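# Report on the structure
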Amino acid sequence: MEIPVPAPAKNANYSVAPIRQQFDYFSSYTSIIKTFTEKVKDLEAERDEMQLQVTDVRSNGEEIADSVIKWLNDVNAFLVESNKFLNEGTNATDANCIKGLLPNLCSRYQLRKKVEKKMKDMEALMKRKNFTQISKDVQPPSIEFTIDEDFVPFDSRKKIADEIWTSLKSDDIQMIGIYGMPGVGKTNLVAQIGKQAESSNFFDVILTVVVSQNPDILHIQDRFVGKIRRTKFHEKTTEGRASQLHKILETRLEEGKKILVILDDVWEKVKMSDLGIPFSYDDSKFQKSCKIVVASRDERLCLQMGCQKIHKVEPLNQNEAWSLFEKIVDHDILTMDRRNIASQIIKACGGLPLAINIIASMLRNNNSLDCWKDAVSKITRANLDRRMFTVLQLSYKFLEKESDAQELFLLCSLFREDADIPIYDLLIYGLGWGLFQDTTTLELAFMRVNARVEYLKSSSLLLEGTKKEFVKIHDIVREYALSVAHKDQHMFCVEAGSKFDNLASTDSLKLCTSISLQINDAANFPSKLELPELKILKLERGFNCPSLVLPYDMIAPMQKLKVLSMYGIQIMALPPAFKYFQELHTLSFDSCEIEDISIIGELNNLFFLCFRGCNIKALPEEIGKLTKLKILDLSKCEELTLVLSNVISSLSRLEGLLIGYFKGWAVSTEDNRNNYASLEDLKSLSNLVLLEVHIPDIELWPEDLLFENLTRFKISVGGNFETQEQAFGSSKILKLKDVIHSPLKKGVDDLLQTAEIIYMQNMTNFQNGLYEQRDVTCFLELKCLHIKDLNEMKYLADATIAKVEVFPRLEILTIRSLAKLEEINHGDLLGKSFGELQELSLGWLPQLMSILKSPAESAPLQNLRTLTVWGCHKLKSIFSQSMVRNSLQLVDIKVEDCEALEEIVDYESELEVSDIVFHQLRFLWLSGLPNLKSFLSSANTLAEDNHQAPCIRVGLFQQVAFPKLELLVLKNMHSLREIWSNPSQLELSFPRLKSLYLIKLPNLMHVLDMDSCETICFQSLNILEISSCPMMEVVATIKENATALIKFPYLQSMSLRYLSNFQGFHTERSTLFDGKVAFPKLENLELKELGRLTAIWTSPPQVKLLFLRLKRIDVSFLPNLMHVWDVGSCETIRFSSLSILEISYCPMMEVVAKIEENVTPLFEFLCLQNMVLRSLSNLKGFHTERFALFDEKVSFPKLENLELKQLDNFKEIWTCSSQVELSFLRLKELNISSLPNLMHVWNTGSRETIRFRSLSILKISYCEMMEVVTKIEENTTALIEFPCLQHMVLYGLSNFKGFLMESSALFDEKVSFPALAKLDIYEMKDLTEIWSMQLPPGSFHELKDITVCRCDKLRSVIPLNLLHNIQSLRQLIVTDCKTVKEIIGDAGGGLEHAKVLMPHLEFIKLAYLPMLKSVCHHSCDFECPTLSTVNLECCYKIETFTCGDLKTPMLKFSRVDWVKHFDHDLNTIVQYASQERHKDDNNKNDGDKSDDRSNQAIDSCDGDKSDDKSD
């Protein structure tokens, strides 16, 4: 009953609470201010920690994620405001106190409310700090596989490539070898494999490197890590880097990534562990997911490295060789006479592609029949092993026609094997050496060296580099070049790893004119270098050499020296001999550490001076004396901070200045008191044609600074220059970032109008486009334009203002994040506007209404090859009809996340309605287009005229054709209900379609409407994936009683997933496939969450005829599926190709294969390697209902991995052991989990010896009824052998009695494990002993790792007498075992005072063992020479580690109850911890007694009081 309360009392209750709340604001003011101040400090610490991480990530060369940068900016702003608030707010509050005595309650109240709001803001900031990664999740640099331009994909090479690709997909093969004679085309083949891997997306990480004859491990590791994540190594040694790289790659593997490593040109055995590549035949994770391809000349090397599959690359056959020759030589000059000669030449070349390439390239440029005859004569006369050199000799001699070409070719041989040779280095070396003397200017020299390089490439003597500013030379061609250089020019190249002194002992060095020394060890540095005829000296530190110091007196005066180049060398001071180098023209220091180079000012004839990547901080004044200097290269000098003004301005003849990293430019004013260099100094360089410079602020640019003569430049103004192009490779590059200046200064604007590559970001001008108020001749040379964050720009080009052809040579256009951009061009385009555009990328342009508008007769996109559009939410169409008809070169279209897009091609009423053909399109990706109605708007108009609904009903691709389309992706398109409305449209318009992906199409009903068509053929389709289409019922609709046939003659992979309403492939029969569909080449079938499906195949003939090549079946989450196969009355079912079978989460499945009654067929899975049966709660047998899963009627002769999980009905897996040995011969991994009724795994019967020959991993968990692993008959003397078992896991077997029989020990003398390396035992509640006293000889000798956890009845772990069996033990972990009193148990007597050696034990962890008193109670002496770490946690009764002596010389630290100790004596440590624990217990007991006495006194007082009350 509720007691009534008077109204005033109720009101009082309502008013007290708010008053109390307000009072709390006053009373806890000091406390909350203190708390807030501490939290501000905590936030500052978090900010500082994050800033350190950001600095570290940036030092690795990685970009910082935008979210991290924003968080730091927000935190900094918050901290500034908070500190200001604390300083000013609290002072103001104190000042408002009444005479400083009483607090101003009102002010404090307001202040506290503000503090509470700020604390909420602070909490929000802290929550945002949970970043998964600091760096941007960017794609690593694309792998650049260099394939010869004349490469032809011959059938013989395609066959090998297909075989290699098959091996790469196999779970059994990790390392693949490729070998063949020099010049046969191994490099091109592995490059082809790499490209195929990259395009297929089968591998997530692809690492490729050329190892070469003298491998630099550090260089290889640098290449690898750079390709993985654009980062650098912290470690300096090869071992440290290998460990770091291994961890990175292993993390990727654990994430489920697949890795491909390609090692080309391997000469000697390379250990994967030395490189850091995860490699193990024993670890299935590495075997399946980390693949390695090795290319070498030697088959034996492939065998030594452990290649499991080796492929030989044979020379080309006669037809292939002739095809290659014809491809290179102009067909018109191949008269009958020349054909006969060519046939002899090809035969003489022995089918070697390199030889054919070189000789054909030479003959292509020579029409003389006598020359052809001379060539065949010389080649055929040469010995077989010399014919390649003869071909090279002929080609080299032919170079005489072009001056300087031979010398430039020989110059390339001085660079390391497989190096990317910078063309810029060839220029400065060549000019310094005396080449190109008839070129009077630097620009002419640039053109000459480019021309010669192109000539050498066309002669096949040089190859394309990884980037356009580099070239490469084939190792065989380089060998020839070195031989000629040595013979004719006395040029030498000492490779890394060779000793110079061996060469110096010969007389040939006295005539040496050029030498390249690659030094991997400081000991190999020449003691004295005296070469009187030397003109070129190249010193290079090898990648395997961490540091190399130039000896002060190593270099002697050499009067004829013209070129001196050093790479990666520490120079304390230039040797005094430098002042005698008066003929020196080129001096290059690349990535050197330099201290004193003041002597450089005496090199009066120096033309080219390079400090690229050096550590110089200030440019020496002495350089100003080099008045003949033409090029000064200070690129990548990140530490350069000081340049005096008179240095650069004194170099009046300077033609090239590269100073891109220097940020210390002074303001160009007369009041430059420090005399620092400013941009004013560049005015005096009237000959300047090459300039690379970064200008941090536009205000540093003088108004009158103009560069009218520049022919090549790389200039950035404002933000940092992040692009990688070199000024030499890309002629004219300009980047403007954060430039807030309107209008632009004239010098900058002039460069903008003449540049070839432009980057513009975060600028406020250019509202009406780039042509506004500019000369009609502007942008005539522009080839590449990147624009981002120009938020005022409405048009890129306003054709109503600029009555010119806009961007006539533009090839690449990228526009990102322009908030106000409405059109690319405003007004109609003229003539050749955008006529050369090849790549167009538009992203996040929320106001964009159209892409390009032009009259029907113009063709602005006639050369467009790639179009990418995303995040343009007002765009309604991509093309007009007229634009498409002129876009004949379009190859790739990707359109994503454009909410308003209704059609791809807009219908133009003035044009005749006809089919649109995309003649060259190969890739089409449409995603996130919720309002797309049709591809061509005329089709949509027809649908609307017929009063159809907005959803697409007439097919997406009406009236459009894609004769070369290979990839089609349709994703996240809500309006799509049908892809093709009739079969003829599909066959005629998509004849080459190879891959079809339909993903997240919520209204899609079917893919194709067969109508009355009898046969439809997807003639090229290779991959079909349909996913997350909840309304789809069938793939293709067929009329009832129709006899239609659907053919997929080349389909290899089919994936149907998340189709909740799916009923069948073509009919609503709840059966996926019947006789009306054909997949003769299907290899991979994945079916997942197909809600209504009850059967997959209807009859066995289909399996045989239509699915002959099926290799993988993955069936999961099919709630109504009853079986996988219905084999009918067939007597023998043979699956000849199936290698992977996975069936999971099908609760209604009773058998895998359904058979008719009274039929006993034989099932043969001849190639099955992996089988997974998981969560099949109703499964009763593989083919019949019985207690055992497998019987003698099923055969798996190649099965290696078997996983059985959550199968409720089985008591046995195999009915007899003979079946295991016959049908499961190769079983390597067996994983059994959650089989609640399973009694045992194997039943051996009465056999005397059972040998499980291949099993390497055995895992059994949560089988509550299991008593033994292997059942044997009573009184049998059988020996069970597991000769290959390496890892065993027993987990949660609550009813377990023993491995073979009910016994007190898990293992006894009847079971043998000679190879077991890792043993894990968890939650074995009734286990009292692990090992008995007697074991078979050799058993457990390889055991390295023991883990025992939660075994509540276990008394000890290892019997003392067994320790001699497990001498390989490295790690021992025992945790959560309530009754364990000792680790080393009773040996039955006789071993007291014994000496026990554990030679390999490294780690021990003992935790939560409440009864443990010591590791061993017996007085034995233990010696553990490698033990380094011991952890003891919550073992409260342990008093000593061992009762005898204990030697642990390598013990680094031990942790006892979470306290680290660094003493080697474990017994002392444990005893000390025990004593401390007793002290704590005593103190606690004393405290408890005191508390008891106090409580008794209180109780006594209470008792007295109660007595008084009762009285």
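Residues numbered from 1 in each chain as written. Predicted model: local features only at pLDDT ≥ 70, side-chain atom pairs only at ≥ 80, totals over all residues. Heavy atoms only, no water.

### Some thoughts on the pairing of strand 18 (residues 656-659)
The alternating pattern of strand 18 places G656 and L658 and L657 and I659 on opposite faces, both of which are buried. As paired strands, strand 17 (residues 631-633) and strand 18 are joined by 3 bridges and run parallel to one another. If you follow D633 over to strand 18, its bridge partner there is L658. Bridge analysis of strand 18 against strand 19 (residues 690-695) gives 4 bridges, and the strand direction is parallel. Directly across from L657, in strand 19, lies its bridge partner L691. (Buried < 20%, exposed > 50% of the residue type's maximum accessible area, 1.4 Å probe, protein only. Helix = DSSP H or I, 4+ residues; strand = E, 2+ residues; numbered from the N terminus. Pairing = 2+ DSSP bridges.)

### Some words on the sheet that holds strand 5 (residues 309-312)
Reading across the sheet, the 5 strands line up as 2-3-4-1-5 and stay open at both edges, with parallel pairing between neighbours. One side of each edge strand has no neighbouring strand; the edge strands of this open sheet are strand 2 (205-212) and strand 5. Ignoring which end each strand starts from, the neighbouring axes of this sheet average 15 degrees apart. Looking at chain direction, strand 1 (residues 175-179) and strand 5 are connected through 4 bridges and run parallel. Its bridge partner lying in strand 5, G177 is registered against I310. Contacts from helix 6 (residues 186-200) reach strand 1, strand 2, strand 3 (259-266) and strand 4 (290-296) within the one sheet, and its direction differs from that of strand 3 by about 170 degrees. (Axes fitted to C-alpha atoms, helices over the stretch in contact; angles between N-to-C directions. Contact = heavy atoms within 4.5 Å.)

### A look at the pattern of salt bridges
Any two side chains of opposite charge can pair, so long as their charged atoms come close to each other. Using the criterion set out here, one finds 41 salt bridges in the structure. Between D438 and R448 there is a salt bridge, and its shortest N-O distance comes to 3.0 Å. Within this pair, whereas D438 is found in the loop between helix 18 (423-433) and helix 19 (442-458), its partner R448 is found in helix 19, the two being separated by 10 residues in sequence. Its relative accessible area of 51% is what places D438 among the exposed residues. Across the pair R612 and D590 runs a salt bridge, and its minimum N-O distance is 3.0 Å. Residue R612 is found in the loop between strand 16 (608-610) and strand 17, and its partner D590 is found in strand 14 (residues 586-590); the two are separated by 22 residues along the sequence. Judged by relative accessible area, R612 falls into the buried class, the value being 12%. (Salt bridge = Lys/Arg side-chain N within 4 Å of Asp/Glu carboxyl O.)

### Here we look at the nonpolar core
Among the nonpolar cores identified, the biggest contains 313 residues, and F611, F807, F879, F957 and W1125 are the most heavily contacted of them. Among the elements that line this core, the one with the most residues is helix 29 (residues 1466-1510), at 4 residues. In terms of nonpolar packing, the next biggest core, distinct from the first, is built from 102 residues, I176, Y424, F608 and L690 among them. (Core = buried A, V, L, I, M, F, W, Y, C linked by side-chain atoms within 4.5 Å.)

### What to know about the packing of aromatic side chains
Summed over all chains, the structure comprises 56 aromatic pairs. Centre to centre, the rings of F325 and W372 are 6.2 Å apart; their planes meet at 80 degrees, and the pair counts as edge-to-face. Of this pair, F325 sits in helix 12 (residues 318-328) while W372 sits in helix 15 (residues 369-381), and the two are 47 residues apart along the sequence. With respect to class, F325 is no different from W372; both count as buried. A centroid spacing of 5.1 Å and a plane angle of 75 degrees characterise the contact between F662 and W665, whose relative ring orientation is edge-to-face. The same class applies to F662 as to W665, namely buried. (Phe/Tyr/Trp six-rings, centres within 6.5 Å; stacked < 30°, edge-to-face > 60°.)

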